[in-house]
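Inside the fold
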Amino acid sequence: EDPSLERHFKGHRDAVTSVDFSLNKKQLASGSMDSCLMIWSMKPQMRAYRFVGHKDAVMCVQFSPSGHLVASGSRDKTVRLWVPSVKGESTVFKAHTATVRSVHFSSDGQSLVTASDDKTVKVWTVHRQKFLFSLSQHINWVRCARFSPDGRLIVSASDDKTVKLWDKTSRECIHSFCEHGGFVNHVDFHPSGTCIAAAGTDNTVKVWDVRMNRLLQHYQGNAVVNSLSFHPSGNYLVTASNDSTLKILDLLEGRLLYTLHGHQGPATCVAFSRAGDLFASGGSDEQVMVWKTNFDAADYGDVLKTQKSGTSVDGTHHTLQSEMDCGVHLKKTKTQDSGRNQEQQEEETSLANTLEHIIGQLDVLTQTVSILEQRLTLTEDKLKECLENQQKIIQNKMS
């Protein structure tokens, strides 16, 4: 079944900049250039809350993992933490010296990372709203920053055309990905934490492995990509583009699955719900839309059958450039015997796909093991060195 439009929320008075679901999917938050934050109820006939407080455009919103707080960042240089209830109380803190483009909670809900036009990424404690540290190697506006699922890494995307990977503990930049031909609008971690996807003004979506620091996939679109979100299964990616479309990419197959038309004008933001059965999008048409995903890891084989041709929803063919160099790929063999029944062939295709996926996963495991082995060797060498040094010290003291 194809993704379908489920709900349509109208209430913002200017372009929508950001959308996010609460954990239980009962609420959806959106931020807008109209300086307001809206909390929409997913239950029909329940009223929406409009939260007023920011003095300028709200650039980003996110629910905390528990759903008890919503963070927002604004052009007024502040971050606010809201209690998403009738009262809509919020606390405000002066976060940066320029527009705050991005807010993101760590998965334990303890930390908040913010990114700004002041070229810095900052990390805060949520409960005391205390500033912890700044990461400042970008040389232009920072559009987006995200914690890895395990909270050990931070990834940031900037108008300096780089995506930077940081170690939260050492606060050092581990790697800079510089393959973008334009500004990088959005970046996020794959649910497994092993790779990142970045969207750019060069009309591309790129997926990199953060352990090997190499490009895994490259999707070339026809318009600036403003936002992206991984499906919780890790198998799909949804993007929002300036040509008003939302696109769903199949990461296992490395190709475009669906093109959805809903917004009038640029689609600015998109986000899957935490369960993956819904996704929301916002646009410069002031509208927030909620879509039913209608495909899932479980019926993955069925999705493949319906989408064999790779045509998008509007019937046009899209060329999709994908540079898959991850894992081994089994070639799907066409059987010579035309007497084979359809079902058997489909079963074989689905089996081949499953095998392909398993081999891909095994490859990843092999890579991980070899990295661990390298680390062990390094640790052993260090230990040996320490012991030798200790021996020397003891010998020196003896003599």
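Residues numbered from 1 in each chain as written. Predicted model: local features only at pLDDT ≥ 70, side-chain atom pairs only at ≥ 80, totals over all residues. Heavy atoms only, no water.

If you look the protein chain up in an unreviewed UniProt entry, it shows as POC1 centriolar protein homolog A from Himantopus himantopus. According to its UniProt record, the protein chain has this under Sequence similarities (unreviewed entry): "Belongs to the WD repeat POC1 family." Under the Function (unreviewed entry) heading, UniProt states for the protein chain: "May play an important role in centriole assembly and/or stability and ciliogenesis." (UniProt positions renumbered as here; feature names shortened; annotations may be inferred.)

Turning our eyes to something else, we now look at the sheet that holds strand β24 (residues 245-250). Ordered in space as β22-β23-β24-β25, the four strands form an open sheet in which the pairing is antiparallel. The two strands at the open ends of the sheet, each matched to only one other strand, are β22 (225-230) and β25 (255-261). Each adjacent strand pair in this sheet contributes to an overall mean axis angle of 20 degrees, direction not counted. With five bridges connecting them, β22 and strand β23 (residues 236-241) associate as antiparallel partners. (Pairing = 2+ DSSP bridges. Helix = DSSP H or I, 4+ residues; strand = E, 2+ residues; numbered from the N terminus. Axes fitted to C-alpha atoms, helices over the stretch in contact; angles between N-to-C directions.)

On to the pattern of salt bridges, then. Any two side chains of opposite charge can pair if their charged atoms end up close together. If you walk through the whole model with that rule in mind, you get 13 salt bridges. Among the salt bridges present, the one from D20 reaches R274, with a minimum N-O distance of 3.0 Å. On the criterion of sequence distance, the pair formed by D20 in strand β2 (residues 16-21) and R274 in the loop between β26 (267-272) and β27 (278-283) is long-range, its members being 254 residues apart. Take R274: its relative accessible area is 31%, and that puts it in the partly exposed class. (Salt bridge = Lys/Arg side-chain N within 4 Å of Asp/Glu carboxyl O. Buried < 20%, exposed > 50% of the residue type's maximum accessible area, 1.4 Å probe, protein only.)

Judged by nonpolar contacts, the single largest core of 15 residues is most densely connected at L246, I248, L260 and F279. Going through the elements one at a time, β23, β24, β25, β26 and β28 (287-292) are the ones with two or more residues in this core. With near-sequence residues (within four places) excluded, L246 lies in contact with T239, A240, Y258, T259, L260, A267, V270, F279, S281 and W291. (Core = buried A, V, L, I, M, F, W, Y, C linked by side-chain atoms within 4.5 Å. Contact = heavy atoms within 4.5 Å.)

The volume enclosed by the largest pocket comes to roughly 1,200 Å³. Around the largest pocket, the lining comprises 45 residues; the ones closest to its centre are H104, R146, H186, D188 and L228. Residue assignment for the lining of the largest pocket shows that the elements contributing at least two residues are β2, β6 (58-63), β10 (100-105), β14 (142-147), β18 (184-189), β22 and β26. For the lining of the largest pocket, a count of residues per class yields 24 nonpolar, 15 polar and six charged. (1 Å grid on protein atoms, 1.4 Å probe; cavity = no way out; pocket = protein on both sides within 12 Å on 5 of 7 lines; lining within 4 Å. Points joined across faces, edges and corners; volume = space filled by probe spheres on them. Nonpolar A, V, L, I, M, F, W, Y, C, P; charged D, E, K, R; others polar.)

Take unusual backbone geometry next. Phi at K77 is positive, roughly 75 degrees, even though this residue is not glycine. Within the secondary structure layout, K77 lies in the loop between β7 (70-74) and β8 (78-82). In this structure, S244 takes a positive phi of about 75 degrees despite not being glycine.

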